[in-house]
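# Structure at a glance
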Amino acid sequence: MWMVIGEQRGTSSDPEERSGQFTHMAEVTRQSPGFVRGWWGADDDDLGLSHALVVLDTLDNARALKRMVEENVTGVRLRLMEIGLEVDGAS
């Protein structure tokens with residue numbers, strides 16, 4: 001599996017607006033081929049900065065999502081990471 005790691009400026013400092021922004025991002029992203037799971041949140045030190053972690057099933061699907069976001073969103077920084085190990089907190 002692969003993860004797209006994103007960082008973007010312009011997140012609203014208003015919690016309701018920020019929730020709406022994240023909900024929109026999630027709705028768009030979950031339609032991506034190979035989508036497995038995703039997380040969106042504001043940076044604790046800088047509320048104007050948001051982070052996204054999105055897991056996809058293949059490198060090709062991760063690259064496609066990265067390309068789509070880069071073509072449609074300004075001020076975003078994206079990285080791809082192969083998930084080499086997954087550890088669950090449950091015993």
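Keep in mind the model is a prediction, meaning the values are calculated, not measured.

### As for the overall build of the protein chain
Looking only at helices and strands, the protein chain has two helices and four strands in total. N-terminal to C-terminal, the α/β element order of the protein chain is β-α-β-β-α-β. The C-alpha radius of gyration of the protein chain comes to 13 Å, within 12% of the 12 Å expected for a compact globule of 91 residues. For the protein chain, the spread of C-alpha atoms along the three principal axes comes to 40 × 35 × 20 Å. A burial count over the protein chain gives 25% of its 91 residues as buried. Sequence separation of at least 24 residues holds for 59% of the intrachain contacts in the protein chain that already meet a minimum separation of 6. Of the roughly 6,200 Å² that the protein chain leaves accessible, carbon and sulfur atoms contribute 48%.

### As for helix H1 (residues 15-29)
For H1, spanning 15 residues, the distance from its first C-alpha to its last is 21 Å, which sits close to the expected 21 Å at 1.5 Å a residue. Its buried side turned inward, H1 meets strand E2 (35-42), strand E3 (49-56) and helix H2 (59-72). Two to three positions downstream of the cap, the backbone nitrogen of Glu16 sits 3.1 Å from a side-chain oxygen, assigning the N-cap of H1 to Asp14.

### Points about H2
Over its 14 residues, H2 runs 20 Å from end to end, which matches the ideal 20 Å to within 8%, given 1.5 Å per residue. For H2, the set of buried residues is Asn61, Ala62, Leu65 and Val69. Along H2, the residues classed as buried sweep out an arc of 100° about the axis, all on the same side. Exposed and oriented more than 90 degrees from the buried face of H2 are Asp60 and Glu71. Buried residues along H2 sit against strand E1 (2-9), H1, E3 and strand E4 (76-82).

### As for the nonpolar core
Among the nonpolar cores identified, the biggest contains eight residues, and these are Trp2, Val4, Val54, Leu56, Ala62, Leu65, Val69 and Leu78. Mapped by element, the contributors of at least two residues to this core are E1, E3 and H2. At three residues, the largest contribution of residues to this core is made by H2.

### Concerning the side chain of Ser12
Relative to the helices and strands, Ser12 is located in the loop between E1 and H1. Look at Ser12 and you get buried, because its relative accessible area is 13%. In contact with Ser12, other than residues within four places in its own chain, are Glu17, Arg18, Gln21 and Leu47.

### Remarks on a nonpolar patch on the surface
Together, Ile5, Trp39, Leu53 and Met81 line one region of the surface with nonpolar side chains, adding up to about 320 Å² of accessible area. Within the secondary structure, Ile5 is located in strand E1. For Ile5, a relative accessible area of 30% puts it in the partly exposed group.

Thresholds applied
- Residues numbered from 1 in each chain as written.
- Predicted model: local features only at pLDDT ≥ 70, side-chain atom pairs only at ≥ 80, totals over all residues.
- Heavy atoms only, no water.
- Helix = DSSP H or I, 4+ residues; strand = E, 2+ residues; numbered from the N terminus.
- Rg over C-alpha atoms; globule rule 2.2 N^0.38 Å.
- Buried < 20%, exposed > 50% of the residue type's maximum accessible area, 1.4 Å probe, protein only.
- Contact = heavy atoms within 4.5 Å.
- Areas by Shrake-Rupley, 256 points an atom, 1.4 Å probe, with all protein chains shown as cover.
- Expected span 1.5 Å × (residues − 1).
- Polar contact = N/O pair within 3.5 Å; in protein donor to acceptor, adjacent residues only side chain to side chain.
- Arc of directions from axis to C-beta.
- Core = buried A, V, L, I, M, F, W, Y, C linked by side-chain atoms within 4.5 Å.
- Patch = residues over 30% accessible without salt bridge, like charges linked within 9 Å, V, L, I, M, F, W, Y side chains within 5 Å.
- Salt bridge = Lys/Arg side-chain N within 4 Å of Asp/Glu carboxyl O.

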